[in-house]
Amino acid sequence: MKRLSTFLTIALVMAVPMLVVAQEQAAEEKDALEVGIRGGLGVPVGGITSWNDSLGAKVGWNVGFEVGYFLTREMVLGLGFSFNEFDIESNTASLDIKHRLYTPKLYLKRYFFGESNWVPYVKVYAGLDFPKFATFVVDQGVGKFRQLSYKPGVAAGLGAGVFYYTSDYGGLFAEAEFQHGFTKDVSKTWGGTRYVFGESSSALEVRAGINVFFGSGQ
């Protein structure tokens, strides 16, 4: 309940300035929706790089999508999802499992349109991080590695990128986004034992993708 309250508070703080800007610019012509897909690198940051001593997360890959509504010509509010899979820095040569991070989010994006086909933008988001990390567990007295799905923690982040129009209805983009998951205290009970995640699930996502616009045009 505390994590949910924190998430709702972050979303409310994001929404207030958005609505003010939307009212001021309501008369402007704008697109209706944007839909984007993307992929790239996921770079773990902070404690998960040395997680549980011998199970530190290493650079992996990520994919995701976003669907947003244009509040004004420049401001977009939407829903997104990202998936990161990290390799593991393990002392156990036979370990062939991965760390995974699932993040549904609510995002706010600000485009800076001009005369050029190149359009920079910034974005912020709030959501939830669901870690599914390889963990050393004890099963009936025998130790083994298992991917545990820990409880979710509140996540927040910010990013910046540049979009390039390849047509009137969409184009390509590249961006970098830093996300921080407040997952230090989340846990998972398995086999009668409670395992605490113990770290913040921070990561830098560097990616490229395709965005398509629907609506009235610019």
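Computed from a predicted model, the values in this text were never measured in an experiment.

So, how was this worked out
Residues numbered from 1 in each chain as written. Predicted model: local features only at pLDDT ≥ 70, side-chain atom pairs only at ≥ 80, totals over all residues. Heavy atoms only, no water. Core = buried A, V, L, I, M, F, W, Y, C linked by side-chain atoms within 4.5 Å. Buried < 20%, exposed > 50% of the residue type's maximum accessible area, 1.4 Å probe, protein only. Helix = DSSP H or I, 4+ residues; strand = E, 2+ residues; numbered from the N terminus. Phe/Tyr/Trp six-rings, centres within 6.5 Å; stacked < 30°, edge-to-face > 60°. pLDDT = per-residue confidence, 0-100. Contact = heavy atoms within 4.5 Å. Salt bridge = Lys/Arg side-chain N within 4 Å of Asp/Glu carboxyl O. Pairing = 2+ DSSP bridges. Patch = residues over 30% accessible without salt bridge, like charges linked within 9 Å, V, L, I, M, F, W, Y side chains within 5 Å. Areas by Shrake-Rupley, 256 points an atom, 1.4 Å probe, with all protein chains shown as cover. Polar contact = N/O pair within 3.5 Å; in protein donor to acceptor, adjacent residues only side chain to side chain.

S.K.: Would you mind showing me how to read the nonpolar core here?
M.R.: Across soluble globular proteins, nonpolar side chains have a tendency to be buried as a group. With 17 residues, the main nonpolar core has Phe-86, Phe-133, Tyr-150 and Phe-197 as its most contacted residues. Contributing elements (two or more residues each) for this core: β2 (55-57) and β7 (118-139). It is β7 that provides the largest number of residues to this core, a total of 3 residues. With 13 residues, the next largest nonpolar core counts Tyr-111, Val-119, Tyr-121 and Phe-173 among its residues.

S.K.: Got a minute to help me understand the packing of aromatic side chains in this structure?
M.R.: Enumeration according to the criterion identifies 18 aromatic pairs in this entry. Here Tyr-150 and Phe-197 contribute two aromatic rings whose centre-to-centre distance is 5.1 Å and whose plane-to-plane angle is 70°, an arrangement assigned as edge-to-face. With Tyr-150 in the loop between β8 (142-149) and β9 (153-167) and Phe-197 in the loop between β12 (193-196) and β13 (202-215), this residue pair connects regions lying 47 residues apart in the sequence. Judged by relative accessible area, which is 4%, Tyr-150 ranks as buried. Taking relative accessible area as the criterion, Phe-197 reaches 1% and is therefore assigned buried. An aromatic cluster is defined as three or more aromatic residues linked by ring pairs; in this entry it consists of Phe-70, Tyr-111, Phe-113, Tyr-121, Phe-163, Tyr-165 and Phe-213.

S.K.: Honestly, the confidence of the model for the chain in this entry has me stumped. Any pointers?
M.R.: Should the pLDDT be low somewhere, the predicted coordinates at that spot are not to be read in detail. Taken residue by residue, the chain gives an average pLDDT of 86. The fraction at 70 or more is 83%. Low pLDDT, under 50, characterises residues 18-27; the stretch is placed with 10 contacts to residues that sit more than four places away or in other chains.

S.K.: How should the pattern of salt bridges be read in this particular structure?
M.R.: Two side chains bearing opposite charge may form a pair once their charged atoms approach each other closely. The final tally for this structure, using the stated rule, is 13 salt bridges. For Lys-123, the salt bridge goes to Glu-66, with nearest N and O atoms at 2.6 Å. Highlighted residues: Lys-123 in strand β7 and Glu-66 in strand β3 (residues 60-70), separated in sequence by 57 residues. Both residues of the pair, Lys-123 and Glu-66, count as buried. Its salt-bridge partner being Arg-207, residue Glu-177 comes within 3.1 Å of it at the nearest N-O pair. Of this pair, Glu-177 sits in strand β10 (residues 170-181) while Arg-207 is found in strand β13, placing the two residues 30 residues apart along the sequence.

S.K.: How do you make sense of the pairing of β7 when you look at a structure like this?
M.R.: Within a regular strand, side chains alternate between the sheet's two faces. Two elements, strand β6 (residues 99-111) and β7, share 10 bridges in a ladder whose sense is antiparallel. Counted as the bridge partner of Tyr-107 is Tyr-125 from β7. Here β6 folds back onto β7, and the loop between the two strands holds 6 residues. Here β7 pairs with β9 via 12 bridges, running antiparallel.

S.K.: What exactly am I supposed to notice about a nonpolar patch on the surface here?
M.R.: On the surface, a nonpolar cluster with roughly 830 Å² of combined accessible area is contributed by Leu-33, Val-35, Ile-37, Phe-65, Val-67, Tyr-69, Leu-172, Ile-210, Val-212 and Phe-214. Among the elements of the structure, β1 (31-45), β3 and β13 are those that each provide at least two residues to the nonpolar patch. Among the structural elements, Phe-214 can be located in strand β13. Among the residues examined, Phe-214 registers a relative accessible area of 42% and is labelled partly exposed.

S.K.: Just to check I follow, could you spell out the side chain of Lys-105 for this structure?
M.R.: Mapped onto the elements of the fold, Lys-105 is located in strand β6. Side chain to side chain, Lys-105 and Ser-82 meet in a polar contact 3.5 Å long. For Lys-105, the side chain forms a polar contact with the side chain of Glu-177, separated by 3.1 Å. Leave out the neighbours within four places in its chain, and Lys-105 touches Arg-38, Gly-78, Leu-79, Gly-80, Phe-81, Ser-82, Tyr-125, Ala-126, Gly-127, Glu-177 and Gln-179.

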